[in-house]
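Letter by letter, the chains look like this.
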Amino acid sequence: MEKESRIQQTRRAVPQVLEGGTREIIIYRLFFMQSIYNLGNRIVNNFLVQTDKGYILIDTGYENGFARFRRKLQKLKIQPSEIKFIFLTHAHDDHAGFLNKVLEITNAKMILHPKAIERLKRGQNSFEGGCSNRLAYLFCLLLTLFGKGEHKFPPIKDEYLNRLIPIDSHEFRDLNLPIQIIETPGHTADHISLFKDNILFCGDAAMNGFPSIKRNIIWIENLRDYKTSWKKIIALNPGKIYPSHGKPFDVSDMKKYLKFIDEIRLIKLFKDSTP
């Protein structure tokens, strides 16, 4: 009832002269998007989502992104203490890089897939799988040349382990958060997405920026799981998809490009896929 009341108020605030699709687009943006902030950049997005139970921070970017994160919080006049939850889409260096620092300045609990816990303790990406196209392969080689090929990040500190809430736990269910968790493995085995107010924060289940081709992420651990996750997202039919890399896009893109996943042949970076 609260949601209906708010959207009715929004409709009354938008002039009736803006009829049809234009008016509905404005209503959609005012109602659904006013409480979403990007504390990262278009290379690595770190979305902050407002709920009636406090802010949820989606991922924590690369380790060197913490200063920018703090500046953007200050600009928005949001105190770290207002961040009540951290939602980890998966344990990669560009998603858990400054996790310890956020946990240090907040009392936030962290929502994650149970398989992510050991990866956070290890502090390094898994090299299972491979690159999804040759451009992605060249990009990964370039990262290696610049000393970024090990994809390490600070392991989670022991003192924060009691703040981890796996999505299969009673503790998570008891939170009764106004979100839906969608398991979207493929990019990684521990990958999850967040669905709220008809918007899907898909992490790296899809991508909309260089060197992605046809919205595919550049690294895939399990191609079969990856395609299944795409089908799951398409069936969910979100109004808008917010990826961790690049601009938001429509689910129609995934519908259009789904068939091309069968053409992907993963290119391994190492003879032994696990370091």
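Notes on the structure in this doc start here.

Rules used throughout
- Residues numbered from 1 in each chain as written.
- Predicted model: local features only at pLDDT ≥ 70, side-chain atom pairs only at ≥ 80, totals over all residues.
- Heavy atoms only, no water.
- Helix = DSSP H or I, 4+ residues; strand = E, 2+ residues; numbered from the N terminus.
- Buried < 20%, exposed > 50% of the residue type's maximum accessible area, 1.4 Å probe, protein only.
- Areas by Shrake-Rupley, 256 points an atom, 1.4 Å probe, with all protein chains shown as cover.
- 1 Å grid on protein atoms, 1.4 Å probe; cavity = no way out; pocket = protein on both sides within 12 Å on 5 of 7 lines; lining within 4 Å.
- Points joined across faces, edges and corners; volume = space filled by probe spheres on them.
- Nonpolar A, V, L, I, M, F, W, Y, C, P; charged D, E, K, R; others polar.
- Salt bridge = Lys/Arg side-chain N within 4 Å of Asp/Glu carboxyl O.
- Patch = residues over 30% accessible without salt bridge, like charges linked within 9 Å, V, L, I, M, F, W, Y side chains within 5 Å.
- Contact = heavy atoms within 4.5 Å.
- Pairing = 2+ DSSP bridges.
- Right-handed = clockwise from strand over helix to strand, strands pointing away.
- Axes fitted to C-alpha atoms, helices over the stretch in contact; angles between N-to-C directions.
- Expected span 1.5 Å × (residues − 1).
- Arc of directions from axis to C-beta.
- Polar contact = N/O pair within 3.5 Å; in protein donor to acceptor, adjacent residues only side chain to side chain.
- Core = buried A, V, L, I, M, F, W, Y, C linked by side-chain atoms within 4.5 Å.

Some details on the overall build of the protein
In step 1: When helices and strands are tallied, the protein shows 9 helices and 12 strands.
In step 2: Here the protein, with 275 residues, has 51% of them falling under the buried criterion.
In step 3: Entry remark: accessible area of the protein is about 14,000 Å², with carbon and sulfur atoms responsible for 52%.

Quick word on the layout of surface pockets
In step 1: Its volume calculated, the largest pocket comes out at about 850 Å³.
In step 2: As for the largest pocket, its lining consists of 35 residues, of which Tyr62, Asp93, Asp94, Leu143 and His151 are closest to the centre.
In step 3: Looking at side-chain class alone, the lining of the largest pocket contains 16 nonpolar, 11 polar and 8 charged residues.

Some words on the pattern of salt bridges
Note on pairing: side chains with opposite charge can pair once their charged atoms come close.
In step 1: Inspection of every chain in the model, using the stated rule, returns 9 salt bridges.
In step 2: The partner of Lys152 in a salt bridge is Glu150, with the nearest N and O atoms 3.7 Å apart.
In step 3: The salt bridge partner of Lys227 is Asp262, with a shortest N-O separation of 2.8 Å. With Lys227 in helix α8 (residues 223-236) and Asp262 in the segment after α9 (251-257), this residue pair connects regions lying 35 residues apart in the sequence.

A word on a nonpolar patch on the surface
In step 1: Judged by side-chain polarity, Leu135, Phe210 and Ile213 come together as a nonpolar surface patch covering roughly 290 Å² of accessible area.
In step 2: Inspection of the secondary structure assignment puts Ile213 in the loop between β10 (199-203) and β11 (219-220).

Some thoughts on the side chain of His95
In step 1: Position of His95 relative to the elements: it lies in the loop between β4 (83-87) and α4 (99-105).
In step 2: For His95, a relative accessible area of 0% translates into the label buried.
In step 3: Apart from the residues lying within four places of it in its own chain, the contact partners of His95 are Asp59, Thr60, Gly61, Leu88, Thr89, His90, Asp204, Ser244 and His245.

A word on the pairing of strand β5 (residues 109-112)
Every other side chain in a regular strand lies on the same face of the sheet, so the side chains alternate between the two faces.
In step 1: The pairing of β4 with β5 spans 3 bridges and is classified as parallel. Bridged to Phe85 within β5 is Lys109.
In step 2: In this region the chain leaves β4, passes through α4 and returns to the parallel neighbour β5; the handedness of that crossover is right-handed.
In step 3: In this sheet, strand β7 (residues 164-166) lies alongside β5 in parallel orientation, the contact comprising 3 bridges.

A short note on the sheet that holds strand β12 (residues 240-243)
In step 1: Taken in spatial order, the 4 strands line up as β8-β9-β10-β12 in an open sheet, and their pairing is mixed. Where the open sheet ends on each side, the last strands, each with one partner, are β8 (180-183) and β12. Pairwise comparison of adjacent strand axes, ignoring direction, gives a mean angle of 25° for this sheet.
In step 2: As paired strands, β10 and β12 are joined by 4 bridges and run parallel to one another. For Gly203, the partnering residue across the bridge sits in β12 and is Pro243.

Comments concerning α8
In step 1: An ideal rise of 1.5 Å per residue puts 20 Å on 14 residues; α8 measures up with 20 Å between its terminal C-alpha atoms.
In step 2: Taken as a whole, α8 has its buried residues at Tyr226, Ser229, Trp230, Ile233 and Ile234. For α8, the buried positions fall inside an angular range of 140° around the axis, keeping them on one side. Exposed residues pointing more than 90 degrees away from the buried face of α8 are listed as Arg224 and Ala235.
In step 3: In this structure, the buried residues of α8 make contact with β8, β10, β11, β12 and α9.
In step 4: Where α8 begins, the side chain of Asn222 points an oxygen toward the backbone nitrogen of Arg224, at a separation of 3.1 Å.
In step 5: The positive-phi residue at the C-terminal boundary of α8 is Asn237, with phi of around 55°.

Quick notes on the side chain of Thr184
In step 1: The topology assignment puts Thr184 in the loop between β8 and β9 (192-196).
In step 2: Residue Thr184 is classed as buried on the basis of its relative accessible area of 1%.

Details of the nonpolar core
In step 1: Counting residues in hydrophobic clusters, the biggest one holds 28 residues, and the most contacted among them are Cys131, Trp230, Ile241 and Met254.
In step 2: Only α6 (134-145), β10, β11, α8 and α9 provide two or more residues apiece to this core.
In step 3: Looking at which element gives the most residues to this core, the answer is α8, with 4 residues.
In step 4: Excluding residues that lie within four positions of it along the chain, Trp230 makes contacts with Ala205, Ala206, Lys214, Arg215, Asn216, Met254, Tyr257, Leu258 and Ile261.

Digging into the environment of Arg70
In step 1: With respect to the element layout, Arg70 can be found in helix α3 (residues 66-75).
In step 2: Counting along the chain gives 31 residues from Arg70 to Leu39, while the straight-line C-alpha distance between them is 8.4 Å.
In step 3: Filtering out sequence-adjacent residues up to four positions away, Arg70 remains in contact with Pro80 and Ile105.

Note that every value here comes from positions in space, so none of it alone points to a role or purpose.
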